[in-house]
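A structural walkthrough
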Amino acid sequence: MAWRNMISGESKLPEKVMILDTTLRDGEQTPGVALTIDAKMEIAKALDELGVDVIEAGFPIVSRGEEEAVKRIVKENLDAEICVLARADRRDIDKALECDVDWIHIFIATSNIHLTHKLKMTREEVLKKIEEAITYAKDHGVVVHFSAEDATRTDLEFLVKVFKVAEESGADSVDIPDTVGFAIPIVMKKIVSKVRENVKIPVAVHCHDDMGLAVANSLAGVEAGAEIVHVTINGIGERAGNASLEEVVVSLHTLYGVKTNVKLEKIYELSRLVEKLTEIIVPKNKAIVGENAFSHESGIHVHGVISSPETYEPIDPSIVGRNRKIIIGKHSGRHSIEELSKQFGIRLTSEQTLKVLMEVKKKCDQGIKMTETEFLKIIEEVCGKEVFKKPVDIRGILVENTLDKSIAILSLNEPNNKLYFGVGRNQLEAFLEIFKQILMEEKGAEVKDYKIWFAQKPKGYSESEVILSVNGLEFIGRGVHPDPYIAFAQAFINAFIQSMQRGGANG
Ligand code: KIV
Ligand code: ZN
């Protein structure tokens, strides 16, 4: 149910929008992020598989490594157009041309603030630079995308003049950057409309999230007819970041009925890759890709989604490559208890369900953090071992650090009753090594994918989550413990028990 028809009179929605992903350029400008060439290549290939139309691969004048990364991405012959950033300056454009890219994204600032305090140029000088730079690049046969940096704080009449000069000089498309996230949706709509009235080439929007409006402003741009949207995976970028690909694209498809070439089901996988390689942690409550985006705790909501998912889910999580999660807590109702029990292969009577629910609430009221470990303990205690006995449990854990590596030892209880050793560059890696071994031995399967999220909480406990992807089925386990490595191991065991009960691989 997109809103397309309802807003048809007020908007100029295009049928389809081109996605220019700038994770590897503006995204990499996130303070503290510097990707290796290999990491950039990996992300570029994944972006291509995702289906973005243009990959802004870097700003080659910045460093030798950046130039090399762009050149290697170009050599991959991906389906996406490869674009690089260049100032309106021959040196930058020459460097971009050396990289043999399809698109050059030429920019120069146009607001009085930037002209006075940064460029120290007059408007006429800026217009001349634009004309020279675009003509020069076009003479070399590349596609030119032109941005007027700080466009949303630029005098609108001058901005129109800037874009007219760009068009007359041969630019193939123009972009309206909201460089410091200063626009509001209605203003973005007005600016895009005004520019579109004056130029014939496609118009793009590039929005920053300083006020948390990057996605709203990008969508407002599309409502006014923008046909290209600049985005980054997980919304990473300068300061508060850029408009996030996942939010823009899913909104376009779901809320507006506007198509893109993005394969939605690959979004989550790529979000996690970017999270891992940039080490910029995605907040739990982030739309679409955050850990909680498809999690339900409250009894009313769990009951709703079990009866009919659309009650509390705007989209089916699998559309974006995710699974629904039922979290047990003080707000739970009996449906949550039944659902989570089922995930562990346990069938409870309604009387048992109620008893477990009461115990869960009692423990939560005492401030005990509810995880699957605690939940299974309650089931064992309340219903007896004949209803559920953990098929595998942790007996002990030991971690030792040497100067350059960590060694972890994990012992499991009966019936497995084994000791496992793992070595890694850090304690986490050492444990991961063990988990991979257990999964391989016990299930004959590999850990195809995993996610670890653990943080030291102010109250003195750590929380961890492990996702096992075993032969196409995903199993999510959570652990909470004052010792972060026990929390991590618990999370693994909880995911592992589910995989044993629910037929992943040999289970
Ligand atoms: O935010 C910005 O203005 C930019 C330009 C280089 C397009 O990233
Ligand atoms: Zn930017």
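To be clear, the structure that these remarks concern was listed above.
First things first, this report covers the structure right here in the doc. The model shown is predicted, which means the values in this text are computed figures rather than measured ones.

Comments concerning the site of ligand 1
If you check the shell around ligand 1, you find R25, D26, L85, H105, F107, S147, E149, P177, T179, H206 and H208 and nothing else. D26 is positioned with one of its side-chain polar atoms (N or O) 3.1 Å from an oxygen atom of ligand 1. Between ligand 1 and H206 there is a distance of 3.1 Å, counted from an oxygen atom to a side-chain nitrogen or oxygen. Summarising the interface, the protein chains cover 94% of the accessible area of ligand 1, which totals 260 Å² for the free molecule. Residue assignment for the shell around ligand 1 shows that the elements contributing at least two residues are strand 4 (103-109) and strand 5 (143-149).

Focus on the coordination of the zinc ion (ligand 2)
Expected angles at a metal are 109.5 degrees for tetrahedral coordination by four donors and either 90 or 180 degrees for octahedral coordination by six donors. At the metal site, the zinc ion (ligand 2) is ligated by D26 (OD), H206 (NE2) and H208 (NE2), and these contacts range over 2.0 to 2.1 Å. Expressed as a motif, the donor residue spacing for the zinc ion (ligand 2) is D-x179-H-x1-H. With D26 in the loop between strand 1 (18-21) and helix 1 (37-50) and H208 in the loop between strand 7 (203-207) and helix 8 (214-223), this residue pair connects regions lying 182 residues apart in the sequence. Side by side, D26 and H208 carry an identical accessibility label, which is buried.

Side note on the sheet that holds strand 2 (residues 54-58)
Ordered by their spatial adjacency, eight strands build a closed barrel running 1-2-3-4-5-6-7-8, and the pairing between neighbours is parallel. The average angle at which neighbouring strand axes cross in this sheet is 25 degrees, direction not considered. Judged from the two bridges that link them, strand 1 and strand 2 form a sheet pairing that is parallel. Note that in strand 2 the partner of D21 across the bridge is I55. In the packing of helix 1 onto the sheet, contacts are made with strand 1 and strand 2, and the angle to strand 2 comes to roughly 170 degrees.

Some details on the packing of helix 6 (residues 156-169) against helix 7 (residues 185-198)
Close contact between helix 6 and helix 7 brings their axes to 10 Å; oriented N to C, the two are set at 40 degrees. On the basis of their axis angle, the class for helix 6 and helix 7 is oblique. Where helix 6 crosses over helix 7, the two elements pack in a sense that is right-handed. Of helix 7, the residues touching helix 6 (which contributes L156, E157, L159, V160, F163, K164 and E167) are I191, K194, V195 and N198.

Procedures and definitions
Residues numbered from 1 in each chain as written. Chains lettered and ligands numbered in written order. Predicted model: local features only at pLDDT ≥ 70, side-chain atom pairs only at ≥ 80, totals over all residues. Heavy atoms only, no water. Near = heavy atom within 4 Å. Polar contact = N/O pair within 3.5 Å; in protein donor to acceptor, adjacent residues only side chain to side chain. Areas by Shrake-Rupley, 256 points an atom, 1.4 Å probe, with all protein chains shown as cover. Helix = DSSP H or I, 4+ residues; strand = E, 2+ residues; numbered from the N terminus. Donors = N, O, S within 2.8 Å, 3.2 Å for Na, K, Ca; no water. Buried < 20%, exposed > 50% of the residue type's maximum accessible area, 1.4 Å probe, protein only. Pairing = 2+ DSSP bridges. Axes fitted to C-alpha atoms, helices over the stretch in contact; angles between N-to-C directions. Contact = heavy atoms within 4.5 Å. Parallel < 35°, antiparallel > 145°, perpendicular 65-115°, else oblique. Left-handed = near helix turned anticlockwise from the far one by under 90°.

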